[in-house]
Amino acid sequence: MDENASGGDSDDIDWNTDDELEIASYGLPSCSSMTVNDGETIAGSTEASSSAGSSSSKMIDHFVGMGFSEEVVAKAIQENGEQNTDLILEALLKHSASSSASSSKSKLIDHFVGMGFSVDMVAKAIQENDCTVNAVLVGLAIHVHDKAGALGQSSQAEQHINSDQNSPELDGSFLDGFSDTDSFEGEEITNPDPDKEEKLVSLASMGYSVQEASIAMERCGVHSKYCDSLWPNTSIAELTDFICAAQMAKAADALLAEIEDKPRPKPSNGYHKHKKRRMLDYEKPPIDEPIRLPNPMIGFGVPSNPDVIVHRSLPEAAAGPPYFYYENVALAPKGVWDTISRFLYDVEPEFVDSKYFCAAARKRGYVHNLPIENRHHLVPLPPQNIYEALPLSRKWWPSWDTRSHLNCLQTCIASAKLTERIRKALEECDGEPEPPHHVQKFVMDECRKWNLVWVGRNKLAPLEPDEVEMLLGFPKNHTRGGGISRTDRYKSLGNSFQVDTVAYHLSVLKEMYPDGINVLSLFSGIGGAEVALHRLGVRMKNVVSVDISEVNRNIVRSWWEQTNQKGTLIDFADVQQLDANRIEQMINAFGGFDLVIGGSPCNNLAGSNRHSRDGLEGKESSLFYDYFRILDLVKNMMQRN
């Protein structure tokens, strides 16, 4: 589930950091000016530094202003003469390289040392490259890449790399375990190409270390030739999301010790007061052993490959009925899925990407105790790629846009200003066989970031709400009308289930409950679970739907009435309204719940949230514990009855 508020009229999202501006502001040795990406020229300082004392030499003042001591500068000038600034600079750099990083007074060297490079490596990169920040970064990036490649070749020769094996690791790296991409058998390590170097530079200039950037690109498949399962060119936004997920993991791990101490609402009727929550007795998993996301992300099977796992053994405490089904984003901070699994009776998560069901990716984890045998997909099958989903766009789709699937459908869309900038950039290239590489890259990065589609010559546009409904498996006009704005439609759809995926998992219920089922739907959203059950032909006798959004509750109520459901729909606004007394009343009235389904908010879990990615202790995502509380009450009450 995606957390972004809709940004329909603005694309002013800060994808960069203050570190990028900080790097751009650094002066450069032996150059009186530097050129940055926007074409502005920043003059280098040639004024005398106050630390230069009474020296009258502008050259001494120039190098002193760069951070070298006056004594060292004077000695370098004396040894090399005043005419050759390059030799002077080389002598100063050699002196810095022979000193420790902590004592070096070179701001430029110290800056790169602060990014994680050694002094020797920085000095060598400055000597071998032009006097630009990007050139130095490229040199450093190539050195790190070559070193990692050499280590990888020596340690992985003649080994087969499978998706369930650990990825090549750097000791102590917090990026371990965060790959959700394929590891390919027999894939060769190649020399870096300009595109990869450019991405390394961009990420480094945003404040990430080259080690982080290299691992992220390795695991996100920037150069994969298997374009049917990976994007051929992973965008900067996707890479930063990946790194951010890894960075936030350590903070999330630190919070695991507090989870069991989180206060829980006490049942008002004294139910099970004597019982200690069994989770307190569970041993926490080592935080350095995160769940490995599989690749391909097909869980226990998908329609195109249904027999990956044909049987599994569930812990005794997890056995149904009642059956439960919990969903959230797959690439959550480290330790989150271990915690979710531990609370939900040690059931192993099933990680699935919805691109195997429809034309849009949606990487999600599902924890459930449903049978996995004899599952079947909805018919008719939904469109399987972009061309099938949006046939009218094919006429305008350029050959250099190689997308076959859209990225995860978010709650926000690109603005008109952005699509106008893209149109103007493309129109400037009219008359050429195809746009230059840098224009193509700009366009494709924005297309992948915002899921833009071609609607005319040189014209891109965000998906319409009706198109998002179709891609997610909802009926046409499901969120349309009734006073619901376009902004609310995008927000509600972006936070929903992908119906075809969920229906595949729930399909086993049809034969198990031929007379219908009672459903407790928590965090119902726009009714993805209810729509899936209806499309499967599973009769819903009683549905208790809980969602904080009045807009969503109205959408579900409207759909329930328009589809002539014969059962009873009861809705609540807040999961915290469901205390032990109320749950027991409903169980007595209905005879129990057959299915408890839901996906708590992912606001503090999703990689696109770089401000409050606090894991399960975040304000919204901590509602997972209410899902567990309610499920545990239902299970215990039904066992007692």
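Residues numbered from 1 in each chain as written. Predicted model: local features only at pLDDT ≥ 70, side-chain atom pairs only at ≥ 80, totals over all residues. Heavy atoms only, no water.

Trainee: Can you help me understand the overall build of the chain in this one?
Mentor: Scanning the chain from terminus to terminus reveals 22 helices and 11 strands. Here the chain, with 641 residues, has 52% of them falling under the buried criterion. If you take every contact in the chain between residues at least 6 apart in sequence, the share linking residues at least 24 apart comes to 72%. Surface summary for the chain: the accessible area is close to 29800 Å², and the carbon and sulfur share equals 48%. (Helix = DSSP H or I, 4+ residues; strand = E, 2+ residues; numbered from the N terminus. Buried < 20%, exposed > 50% of the residue type's maximum accessible area, 1.4 Å probe, protein only. Contact = heavy atoms within 4.5 Å. Areas by Shrake-Rupley, 256 points an atom, 1.4 Å probe, with all protein chains shown as cover.)

Trainee: It is not clear to me how the nonpolar core should be interpreted in this structure. Could you clarify?
Mentor: The nonpolar side chains of a soluble globular protein tend to be buried, and buried together. Counting 71 residues, the largest nonpolar core has V443, L506, L509, L533 and L595 as the members making the most contacts within it. For this core, the two domains that each supply at least three residues are domain 2 (313-355 + 365-379 + 474-639) and domain 3 (386-472). Excluding its chain neighbours within four sequence positions, the residues that come into contact with L509 are Y323, L370, I517, L533 and L595. Counting residues in hydrophobic clusters, the runner-up holds 42 residues, among them Y326, F572, I583 and F628. (Core = buried A, V, L, I, M, F, W, Y, C linked by side-chain atoms within 4.5 Å. Domains from an automatic or database assignment.)

Trainee: What am I meant to see in helix α11 (residues 336-343) here?
Mentor: Helical geometry note: an α-helix holds 3.6 residues per turn, so side chains three or four residues apart project in the same direction. The element α11 is extensively covered by neighbouring structure, given that eight of its eight residues are classed as buried. One or two residues past the end of α11 sits Y345, with phi positive at roughly 65°.

Trainee: Sorry, what's going on with the packing of helix α21 (residues 580-590) against helix α22 (residues 624-640) here?
Mentor: Packed helices, taken two at a time, are described by the angle their axes make and the gap between the axes. Two elements in contact, α21 and α22, have axes whose closest approach is 10 Å; the angle formed by their N-to-C orientations is 50°. Relative to α22, α21 is oriented oblique. Every pair of crossing elements has a handedness; the one defined by α21 and α22 is right-handed. Across the interface between the two elements, A580, I583, E584 and I587 of α21 pack against I630, L633, V634, M637, M638 and R640 of α22. (Axes fitted to C-alpha atoms, helices over the stretch in contact; angles between N-to-C directions. Parallel < 35°, antiparallel > 145°, perpendicular 65-115°, else oblique. Left-handed = near helix turned anticlockwise from the far one by under 90°.)

Trainee: Please explain the packing of aromatic side chains as it appears in this structure.
Mentor: Pairs of aromatic rings are described using the distance from one ring centre to the other and the angle between the two planes. Taken as a whole, this structure holds 15 aromatic pairs when the rule is applied. Seen from their ring centres, Y326 and Y627 are 5.1 Å apart, and the 55° between their planes marks the pair as tilted. With a gap of 301 residues between them, Y326 in strand β3 (residues 323-329) and Y627 in helix α22 connect regions that are remote in the sequence. Both rings, one in Y387 and one in W397, keep their centres 6.0 Å apart while their planes meet at 85°; by these two values the pair is edge-to-face. Note that Y387 is positioned in helix α12 (residues 386-389) and W397 in the loop between α12 and α13 (416-427), a separation of 10 residues in sequence. (Phe/Tyr/Trp six-rings, centres within 6.5 Å; stacked < 30°, edge-to-face > 60°.)

Trainee: What exactly am I supposed to notice about the pattern of salt bridges here?
Mentor: Side-chain pairing between opposite charges can occur once the charged atoms of the two side chains come close. Applying the stated criterion across every chain, the model contains 16 salt bridges. The partner of K424 in a salt bridge is E420, with the nearest N and O atoms 3.5 Å apart. Placement of both K424 and E420 in helix α13 is noted, with a separation of four residues, approximately one turn of the helix. For K424, a relative accessible area of 43% corresponds to the partly exposed category. Salt bridges sharing common partners tie together D466, E469 and R489. (Salt bridge = Lys/Arg side-chain N within 4 Å of Asp/Glu carboxyl O.)

Trainee: For this particular structure, what's the right way to read unusual backbone geometry?
Mentor: In most cases, non-glycine residues show a negative phi, while peptide bonds are predominantly trans. Put simply, N295 and P296 share a cis peptide bond, and its omega is 5°. Tracing the sequence through the fold places P296 in the loop between α10 (236-259) and β3. Of the consecutive residues V379 and P380, the connecting peptide bond is found in the cis state with omega at 0°. One non-glycine residue, N458, lies in positive phi territory at about 60°. Mapped onto the secondary structure, N458 falls in the loop between β6 (453-456) and β7 (459-461). For N458, a relative accessible area of 14% gives the class buried. Phi at N564 is positive, roughly 55°, even though this residue is not glycine. Summarising the element assignment, N564 is placed in the loop between α20 (550-562) and β10 (568-572).

Trainee: Help me understand the sheet that holds β3, please; the structure alone is not making it clear to me.
Mentor: Sheets are built from strands that pair by backbone hydrogen bonding, the pairs being arranged parallel or antiparallel. The seven strands lie next to each other as β4-β5-β3-β11-β8-β9-β10, forming an open sheet whose pairing is mixed. The open sheet has two edge strands, β4 (350-353) and β10, and neither has a second partner. Here the strands of the sheet are splayed against their neighbours by 20° on average, with no regard to which way each runs. With four bridges joining them, strand β8 (residues 517-522) and strand β11 (residues 595-598) adopt parallel strand pairing. Considered in β11, the bridge of L522 is made with G598. Across the sheet, helix α19 (residues 528-536) touches β8, β9 (540-546) and β11, and the angle it forms with β9 is around 165°. (Pairing = 2+ DSSP bridges.)

Trainee: Would you take a moment to explain the pairing of β10 for this structure?
Mentor: Each regular strand shows side chains that alternate between the opposite faces of the sheet. Summarising the sheet, β9 and β10 pair through five bridges and their orientation is parallel. From the neighbouring strand, V543 faces β10, where its bridge partner is L569. Since β9 and β10 lie parallel, the crossover through α20 that links them has a hand, and here it is right-handed. (Right-handed = clockwise from strand over helix to strand, strands pointing away.)

Trainee: Where do I start with the packing of α13 against helix α14 (residues 437-450) in this structure?
Mentor: Between α13 and α14, whose axes approach to 10 Å, the crossing angle comes to 155°. In terms of their interaxial angle, α13 and α14 are classed as roughly antiparallel. Helix-helix and strand crossings are classified by hand; for α13 and α14 the assignment is left-handed. For the pair α13 and α14, contact is made by L418, I422, A425 and L426 and by V439, F442, V443, E446 and W450, respectively. Each residue belonging to the contact of α13 with α14 can be placed in one class, and the counts come to eight nonpolar, no polar and one charged. (Nonpolar A, V, L, I, M, F, W, Y, C, P; charged D, E, K, R; others polar.)

So far we have only geometry, and geometry alone does not tell us how the molecule works.
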